[in-house]
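One letter stands for each residue in the lines below.
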Amino acid sequence: MYLQRLIILEGRGESPPSVCKQCDIIGRKAVYRCLSCDNVGLLCGECTATAHSHQPLHRIQKWNGHFFLKVQLKSLGMRIQLGHVPGEVCPKPESAWGDDFVVIDTDGVHNVGLDFCTCGSSTKSHVEQLLDRRLYPATTINPKSAATFRVLEVFELLQYESKVSPYELYNTISRLTDNTGLTSVKDRYPSFLRLVHEWRHLKLLKRAMRAHDPTRTASETKEGECALLCPPCPHPTINMPEGWEDEPEETRYIHALNLALDACFRLKRKDVSSEKADPGLSNGFSYFVKQSKFNEYLEEHKDEVEPKSNCSRHDAVNLADVSPGQGYAASGVATVECARHNMKRPAAVCDLQKGERYCNMDFILHWGIVVLALGVLRTFFISYDIACQWSKYLMSRLAKIDTNAPMLKPETKTRFMVPKFHLPAHIVSCHTKFAFMNTPGAGLGDGEAPERGWGEANPLAPSTREMGPGTRRDTLDYNFGDYNWRKIIDLGASLGKKMDTALSKVAENTIAHQELEETLDPTKVQEWAAQMAAWERDPVANPNPFEMTVSSPTQIAVRRVLADEEAADIASGKDAALSPDTPPSVLISRGLDLEAEQRSLRTEMKQTWTHSRDRELTRIQLRSNALIRTRGPGPPCIRKIDAWYQILQLYIPSTILLRQKATGPTTVPPYDLLIWLPSQIGRQAAVDARLTEIEFQLRTAQAQEALTNLRRCLQRRITVYDLKNRWLRGQSPNTKALNLLGNIESQITTARDEYRQARVAILSLADMMGKVGLEAFYRPLEDNDVRAMASPRSTGETGRTVSWIWRHASASEDNHTEYEAEAIKVEWAKSRARAMRYQEEVLIVREEMRRTVRFFSWKEKEWYKCGEARGKHGPIEEHYNEGLQAYAKRQGAICLGLRKKFEHMWSGVDGAIATAKEEIANPALFYEKRKVEAEVQPVASVDVEMSSELLND
């Protein structure tokens, strides 16, 4: 049916009229139809022209007796008269130059008949007459082309949303005009390119109140004045409360400025055009720095050589002096953004001439603060993926830029952090020094704001790399402005989501920390709290409470200690060895080695299947034989495990009966044979306490070492994944990377199985030795616990739980070693940090909501004030004044609407905060709520299952 109707519409339809129904004049054939109007049927040429006196850009078709052909309204005598109201005839019209005027609209490139007024009814110029009809002329002298405001608005939003270029849109419009190639369409692409650039620049000035300024022209626009400010960020004299300077130091972070720096190397620019030929229209008006000042600064630092990194091999540091390559003038773009709300900062974006040089980042950081007069702020949190290196001599470099730089003031506090996704790539010491979760006042920030922004800007790279310097900066400026605007109108939801996230876990983490402290020695807790407070005040002069000061024990170290103890026993005449070649420590150590061989063989056996190759099966059989047999003095072939059993029965004679009872007549694979260590014997038989103690020491070291290896391999895996995805191309490099990942996965599996076996043994030995509380310290290792600290596809930790292997500790230290006690202290510090960050986030987001409301109140008043500015400064035309006031009041109404909308969305926030505080003060309320939620959840699941069954029935 659908196809049939489409085919019918190719003709004149059912019962086509022979005479025009509009005029009903004999002789006027109804052969014209309009594709832009509602389906009004066929009309004659005269009626078609009359009907379109107010729609001169509609698409018209003519029936030639066989099919419809496209025709222009101009061929029907239709003309556009400027300088008069539509429909009024000018007694002295003047045709456009050559009577060949082209109008670009959303649905085609139209050749129109256009007349200017020269009768004296209008004293306006040709350009003004076109603009009054919402036609933007391509030139100011004898214009022959124009674009409708509609198509310019469509392109503006279309590029912001889908990143299309003017070339792509113009080609689309051109093909809408004619897609057969039989008719030549007027080429107005160069004009259209210029039109969209001018249009967006004018809209930029209009939205920034520049048309309302009675004292300064557009060229006198200040640096960063046209940028959209971030409403929740602190702006003195705009949205900060009175007396904010007197905020106590403990909560001063709610008035801190959070900034994030980063660079993008996809936004390159080819070495085409020049600053002289293409300076741009908005030089420093918005987000890019003022180019002349920036060039002078670069000239002063052109010979600087970047120091090499002493952290990981950061490309941002080590490749900072590498040129972008032949044919490129800019290697990318660097930016300073609002770290908490993902918005570009005014005058805080610049081009990169080589790599990610410190001088570029220093410049945009400094001017991004100074341009908004934010120097009165006292607290700054700065995130950068190489902050560990870049921050070392930052203050001395800023002093060279400006001795009065805000960050150099003695009362200013600045904390540097590394974004959460980038932190795993750093060395271990950076993980605690520059972590958001360990930084007081950071809340639940992640520092990844620039990365989200690059995701929006990167699709522009193919078109912007071909542009001249000024046009490229302007294009990126316009897109950054739209990016900020979308963030602004979404603040109601985004800040609400931040608050929901904080409130959902603030009580849980705070109560968990309180319960942890209740199990610890109060004296120790006070001592740790004092150390934590000292470090938070001065992290440079005080030791980091999140760092381990005691090295984790290894099996080799424990074996060496046990060997030294046995040597001392022999020297004092207390030798407990029953075999001259195998003292007790060697006995247990050999047992652990046999277990390791069994685990390895078991893993290989699991990898075999029905169609495994003979070569694989032979290799596994040889390994099995190596486990069962050994060559040495004595009989030609002695079972390795049997040799172990012969020594073991000297120390534990009951193992003979235990082995017979466990195996019986059945044949057991060598990798499943029990070694009969004390942990496996348990309370089935008496075991020398000395052997039990030796195995416990070795097992605890084995468990710690397995976790260390597991964490190291997980960290290594995420690094290899990132390297492979970002840099490796081609079959050979990717094959090598996959082989490396396979080896790492095998090491992860080995470490996982080793820890699991060690944990079972430790708990069994603890039961024999009367030790308690070890279940909480040596937690079960599930498959979903075996994950990296930060997933390669994760954007932060707000919605993700870190596996316990990265925060391993216990609630008590009475039964633990020095290393375990130190681990408890570190876990206490991390637990406290988690609780504090969630509490901080609640306070920070609540203050951000208040600042947002104050910002829109201020902005609304500013618009109303500027609407009257020109009228108060001097006499102006009435219609001009009306336009100024109308636009200002409309913008003020938008600010008022956004403020009321957000206030309504956040109306329940204070109540939710009060509820969370009540749960923290009375944990019973929290656990009661959890109980209710747990009861509701299964009911919901049952409802879903019943619904599914009904649908299936």
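The coordinates are above.
Residues numbered from 1 in each chain as written. Predicted model: local features only at pLDDT ≥ 70, side-chain atom pairs only at ≥ 80, totals over all residues. Heavy atoms only, no water.

A. Structural context of the overall build of the protein. Secondary structure summary: the protein contains 31 helices and 18 strands in total. Of all 953 residues assigned to the protein, the portion counted as buried reaches 46%. Long-range contacts, defined here as pairs at least 24 residues apart, represent 73% of the contacts in the protein between residues at least 6 apart. When the accessible surface of the protein is split by element, carbon and sulfur atoms take 54% of a total near 48,100 Å². (Helix = DSSP H or I, 4+ residues; strand = E, 2+ residues; numbered from the N terminus. Buried < 20%, exposed > 50% of the residue type's maximum accessible area, 1.4 Å probe, protein only. Contact = heavy atoms within 4.5 Å. Areas by Shrake-Rupley, 256 points an atom, 1.4 Å probe, with all protein chains shown as cover.)

B. The sheet that holds strand S3 (residues 68-71), seen in detail. Strand order across the open sheet formed by 3 strands is S1-S2-S3, with antiparallel pairing between neighbours. If you trace the sheet from one side to the other, it starts and ends with strand S1 (32-34) and S3, each paired once. This sheet shows a mean twist of 35 degrees between the axes of neighbouring strands, independent of strand direction. Relative to strand S2 (residues 60-63), S1 is paired through 3 bridges, and the arrangement is antiparallel. Residue pairing across strands places Cys34 opposite Ile60, the latter belonging to S2. (Pairing = 2+ DSSP bridges. Axes fitted to C-alpha atoms, helices over the stretch in contact; angles between N-to-C directions.)

C. Examining the pairing of strand S13 (residues 332-338) more closely. Summarising burial for S13: 7 of the 7 residues are buried, a large majority. Inspection of the sheet shows strand S10 (residues 257-264) paired to S13 by 6 bridges, in the antiparallel sense. Following the sheet pairing, Ala263 is matched in S13 by Ala334. Pairing between S13 and strand S14 (residues 343-352): 6 bridges, direction antiparallel. Bridge pairing in S14 links Glu337 to Lys344.

D. Focus on empty space enclosed by the protein. Inspection of the entire model under this criterion finds 5 cavities of 30 Å³ or more. Counted as a void, the largest cavity has a volume near 60 Å³. Lys163, Lys344, Gly453, Glu456, Ala457, Leu460, Asn479, Phe480, Tyr483 and Arg486 are the residues that line the largest cavity. Of all the secondary-structure elements, those providing two or more residues to the lining of the largest cavity are helix H13 (449-457) and helix H15 (469-489). The biggest single contributor to the lining of the largest cavity is H15, with 4 residues. (1 Å grid on protein atoms, 1.4 Å probe; cavity = no way out; pocket = protein on both sides within 12 Å on 5 of 7 lines; lining within 4 Å. Points joined across faces, edges and corners; volume = space filled by probe spheres on them.)

E. Structural view of the state of the cysteines. Using the criterion set out here, one finds 0 disulfides in the structure. With no disulfide of its own, Cys230 has Cys233 as its nearest cysteine by sulfur position, at a separation of 3.4 Å. In this structure Cys233 is not part of a disulfide, and its nearest cysteine sulfur, from Cys338, lies 3.2 Å away. Given the relative accessible area of 3%, Cys233 is considered buried. (Disulfide = S-S within 2.5 Å.)

F. Molecular detail of the sheet that holds S13. Strand order in this open sheet of 5 strands is S14-S13-S10-S15-S16, and the pairing throughout is mixed. The open sheet terminates on both sides in strands that have one partner only, identified here as S14 and strand S16 (413-417). For this sheet, the mean angle separating the axes of adjacent strands, direction not counted, is 20 degrees. Sheet topology note: the S10/strand S15 (residues 379-384) ladder contains 5 bridges and is parallel.

G. Quick look at the packing of aromatic side chains. Enumeration over the complete set of coordinates arrives at 21 aromatic pairs. Between the aromatic rings of Tyr170 and Tyr189, the centroid separation amounts to 6.3 Å while the plane-to-plane angle is 55 degrees, which identifies the pairing as tilted. Taken together, the residues span a long stretch of sequence, with Tyr170 in helix H5 (residues 166-177) and Tyr189 in helix H6 (residues 189-207) at a distance of 19 residues. With centroids separated by 5.5 Å and ring planes inclined at 50 degrees, the aromatic side chains of Phe855 and Trp858 adopt a geometry described as tilted. Remark: Trp858 and Phe855 occur in helix H27 (residues 818-867); sequence separation between them is 3 residues, near one turn of the helix. Owing to a relative accessible area of 5%, Phe855 belongs among the buried residues under this scheme. Aromatic rings pair up to connect Phe155, Tyr167, Tyr170, Tyr189 and Phe192 into one cluster. Lying over the aromatic face of Phe480, Lys344 brings its terminal NZ or CZ to 4.7 Å of the ring centre. (Phe/Tyr/Trp six-rings, centres within 6.5 Å; stacked < 30°, edge-to-face > 60°. Lys NZ or Arg CZ within 6 Å of the ring centre and 35° of its normal.)

H. Inspection of the packing of H13 against H15 at higher detail. Look at H13 against H15: their axes get within 11 Å of each other, and the N-to-C directions meet at 120 degrees. Regarding the angle of H13 to H15, the classification is oblique. The way H13 lies across H15 gives a crossing that is right-handed. Side by side, H13 and H15 meet where Arg452, Gly453, Glu456 and Ala457 of the first sit next to Phe480, Tyr483 and Arg486 of the second. Residues of the contact of H13 with H15, tallied by class, amount to 3 nonpolar, 1 polar and 3 charged. (Parallel < 35°, antiparallel > 145°, perpendicular 65-115°, else oblique. Left-handed = near helix turned anticlockwise from the far one by under 90°. Nonpolar A, V, L, I, M, F, W, Y, C, P; charged D, E, K, R; others polar.)

I. Structural context of the pairing of S15. Extensive coverage of S15 is indicated by the burial of 6 of its 6 residues. The alternating pattern of S15 places Thr379, Phe381 and Ser383 and Phe380, Ile382 and Tyr384 on opposite faces, both of which are buried. Direction of pairing for S15 relative to S16: parallel, over a ladder of 5 bridges. Bridging from a neighbouring strand, Phe380 pairs with Thr414 of S16.

J. Inspection of helix H4 (residues 149-162) at higher detail. A rise of 1.5 Å per residue sets the reference length of H4, with its 14 residues, at 20 Å; its end C-alpha atoms lie 20 Å apart and thus fit the reference within 8%. The complete set of buried residues in H4 reads Phe149, Val151, Leu152, Phe155, Glu156, Gln159 and Tyr160. Phi turns positive one or two residues past the end of H4, at Lys163, with a value near 65 degrees. (Expected span 1.5 Å × (residues − 1).)

K. Up close: the packing of H5 against H6. Between H5 and H6, whose axes approach to 10 Å, the crossing angle comes to 125 degrees. By the angle class used here, H5 and H6 are oblique. For the pair H5 and H6, the sense of crossing is right-handed. Here Pro166, Tyr167, Leu169 and Tyr170 of H5 lie close against H6, whose contacting residues are Tyr189, Phe192, Leu193 and Val196. Residue composition of the contact of H5 with H6, by class: 8 nonpolar, no polar and no charged.

L. Main features of a nonpolar patch on the surface. Together, Leu3, Leu6, Ile7 and Leu9 make up a nonpolar patch on the protein surface, roughly 440 Å² of accessible area in all. Residue placement: Leu3 occurs in helix H1 (residues 2-8). (Patch = residues over 30% accessible without salt bridge, like charges linked within 9 Å, V, L, I, M, F, W, Y side chains within 5 Å. Salt bridge = Lys/Arg side-chain N within 4 Å of Asp/Glu carboxyl O.)

M. Structural context of the pattern of salt bridges. Enumeration according to the criterion identifies 43 salt bridges in this entry. Residue Asp783 is joined to Arg752 by a salt bridge in which the shortest nitrogen-to-oxygen separation is 3.7 Å. Residue Asp783 is found in the loop between helix H26 (774-777) and H27, and its partner Arg752 is found in helix H25 (residues 731-769); the two are separated by 31 residues along the sequence. A relative accessible area of 53% means that Asp783 is categorised as exposed. Note that Asp910 and Arg846 form a salt bridge whose closest N and O atoms lie 2.8 Å from each other. Of this pair, Asp910 sits in helix H30 (residues 909-921) while Arg846 sits in helix H27, and the two are 64 residues apart along the sequence. With a relative accessible area of 14%, Arg846 lands in the buried category. One connected set of salt bridges, linked through shared partners, spans Lys163, Glu456, Asp482 and Arg486.

Remember that the coordinates give geometry; whether it matters functionally is a separate question.
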